[in-house]
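Listed here are the chains, written in short residue letters.
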Amino acid sequence: LQGEVIGINTAISSSSGGFQGIGFAVPVNVAKWVSSQLLKDGSVHRAYLGVGIQGLDHQLANQLGVSTSQGALITDVQKDSPAAQAGVQPQDVIVEFGGSPIHSPRQLQAVVGRAELGSKQPMVVLRDGKRVTLHVTIKEQPKGYGEVAATEEGGEARVPESSSFDNLGLDISPLTAELAKQLSVKAESGVVITEVEPGSIAGSAGLKQGDVITQVGKTPVKSVEDFRAAVKKADLDKGLMLLVKSSEGSRFVVLKNS
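Computed from a predicted structure; not experimentally measured.

**Quick word on the overall build of the chain**
So, point 1. The helix and strand inventory of the chain stands at seven helices and 17 strands.
So, point 2. Residues counted as buried form 38% of the 258 residues belonging to the chain.
So, point 3. Restricting the contact set of the chain to residue pairs at least 6 apart, pairs at least 24 apart contribute 50%.
So, point 4. Accessible surface, the chain as shown: approximately 15500 Å² in total, 48% of it carbon and sulfur.
So, point 5. Averaging the positions of the 25 positive and the 27 negative side-chain charges in the chain gives two centres separated by 8 Å.

**Topic: the environment of Gly217**
So, point 1. Tracing the sequence through the fold places Gly217 in the loop between strand E14 (212-216) and strand E15 (219-220).
So, point 2. Residue classification places Gly217 among the partly exposed residues on the basis of a relative accessible area of 24%.
So, point 3. Taking the C-alpha atoms as reference, Gly217 lies 41 Å from Trp33; in sequence the two are 184 residues apart.
So, point 4. Those residues in contact with Gly217 that sit more than four places away from it in its chain are Gln91 and Met241.

**Topic: the environment of Glu4**
So, point 1. Within the fold, Glu4 resides in the segment before strand E1 (7-13).
So, point 2. Between the C-alpha atom of Glu4 and that of Glu195, which follows or precedes it by 191 residues, the distance is 55 Å.

**Here's the deal with the nonpolar core**
So, point 1. Grouped together as the largest cluster of nonpolar side chains are 22 residues, with contacts concentrated most on Leu168, Leu170, Ile172, Leu207, Phe227, Leu242 and Leu255.
So, point 2. Of all the secondary-structure elements, those providing two or more residues to this core are strand E12 (170-174), strand E13 (191-196), helix H6 (201-204), E14, helix H7 (224-233), strand E16 (240-246) and strand E17 (249-255).
So, point 3. Here this core gets four residues from one element, more than from any other, and that element is H7.
So, point 4. When residues no more than four places from it in sequence are discounted, the contact partners of Leu170 are Ser163, Ser164, Phe165, Ile193, Glu195, Val196, Ala202, Leu207 and Phe227.
So, point 5. One finds Val88, Phe97, Ile102 and Ile138 within the second-largest nonpolar core, a separate group that totals 20 residues.

**Describing the side chain of Asp92**
So, point 1. Within the element layout of this structure, Asp92 appears in the loop between helix H3 (82-86) and strand E6 (93-97).
So, point 2. A distance of 2.9 Å separates a polar side-chain atom of Asp92 from the backbone nitrogen of Gln89.
So, point 3. Side-chain polar atoms of Asp92 contact the side chain of Arg127, separated by 2.7 Å.
So, point 4. Other than its neighbours up to four places away in sequence, Asp92 contacts Ala72, Leu73, Ile74, Gly87, Val125, Leu126 and Arg127.

**Overview of the pattern of salt bridges**
Any two side chains of opposite charge can pair, so long as their charged atoms come close to each other.
So, point 1. This model, assessed by the stated rule, comprises six salt bridges.
So, point 2. As a salt-bridge pair, Arg127 and Asp92 come within 2.7 Å of each other at their nearest N and O atoms. Of this pair, Arg127 sits in strand E8 (residues 120-127) while Asp92 sits in the loop between H3 and E6, and the two are 35 residues apart along the sequence. Asp92 carries the same exposure label as Arg127, and that label is buried.

**Structural notes on helix H1 (residues 28-41)**
So, point 1. For H1, which comprises 14 residues, the first-to-last C-alpha distance of 20 Å matches the rise-based estimate of 20 Å (1.5 Å per residue) to within 8%.
So, point 2. Of the positions making up H1, those classed as buried are Val28, Ala31, Trp33 and Gln37.
So, point 3. Elements in contact with the buried residues of H1: E1, strand E2 (22-27) and helix H4 (105-113).
So, point 4. Gly42 occupies a position one or two residues after H1 and carries a positive phi of about 85°.

Criteria and cut-off values
- Counting starts from 1 at the beginning of each chain's written sequence and moves along it residue by residue.
- Confidence filtering applies because this is a predicted model: local features only for residues at pLDDT of at least 70, side-chain atom pairs given and counted only at 80 or more, and all residues used for totals across whole chains, interfaces and linings.
- Only hydrogens and water are set aside when side-chain values are computed; all heavy atoms of the structure are taken into account.
- Only runs of H or I of at least four residues qualify as helices and only runs of E of at least two qualify as strands under DSSP, and these elements are numbered from the N terminus.
- Classification of residues uses two cut-offs on accessible area relative to the type maximum, computed with a 1.4 Å probe and protein chains only: under 20% is buried, over 50% is exposed, and between them is partly exposed.
- Any two residues having at least one pair of non-hydrogen atoms within 4.5 Å are treated as being in contact.
- Per-residue accessibility takes into account occlusion by the displayed protein chains alone, with areas from the Shrake-Rupley method and a 1.4 Å probe.
- Working convention for charge: Lys and Arg count positive, Asp and Glu count negative, and His plus the chain ends are omitted.
- Charge positions are represented by NZ for Lys, CZ for Arg, CG for Asp and CD for Glu.
- Residues enter a nonpolar core if they are buried and are Ala, Val, Leu, Ile, Met, Phe, Trp, Tyr or Cys, with the set joined through side-chain atoms within 4.5 Å.
- Throughout this description, a polar contact denotes any pair of N or O atoms lying within 3.5 Å of each other; where both atoms belong to protein, one of them has to be capable of donating a hydrogen while the other can accept it, and for residues adjacent in sequence the pair is counted only when both atoms sit in side chains.
- Salt bridge criterion: a side-chain nitrogen from Lys or Arg within 4 Å of a carboxyl oxygen from Asp or Glu.
- How far a helix is expected to stretch is found by multiplying one less than its residue total by 1.5 Å.

Function cannot be inferred from these measures alone, as they are strictly geometric.
Here's what the structure looks like:
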């Protein structure tokens, strides 16, 4: 109403092909940041942490021993990244960055992406239920960062014999280097899910064939025997947290009796 720009249209979803439909816009503050860099350097320089992140729900919060469901949960820390050099660990929950509260992964991505390159930013994480302050030296996101490399086509990898876990509703096999390559999963060890029973605990948690389990709780899983031993100790009424990897990245999943 005051004639101020609040956003710039970028796309429209229209069933008729005309201007009637749902419009999408870039917020003006983002547009200002991008345009200022384009005017200065002719390109956009975004910062990055080098982590995999996901949202935090009440089940995951209970497993991690934290009293909030806000923040960004770290699922993976890439080698030699700014996060790795700052001491960030998987299962950390980022709740503050650069003095700003972090409520969600999307907010963290926005704040980090526009951080000043070369600056040192304080970051507060929840680790084992305690607040820990780390300091991250901001670096520019490498070119092609986050892109999934195309895999060479070839014959199907041989899948080792599966082991069944009827109480969870899934079958697993050892992960081989050949299988990891075919599944486009960045994991050196773990177990691969070969079958998920519909309506089971595993199925309800969103696990699917081809997912690779690399950790149960805080215990790394390198074999079917490791997985069996970890599951045997678990109380499914309280929940069992798994670190799962796929071609789409890493995520934590909680298996729990309904």
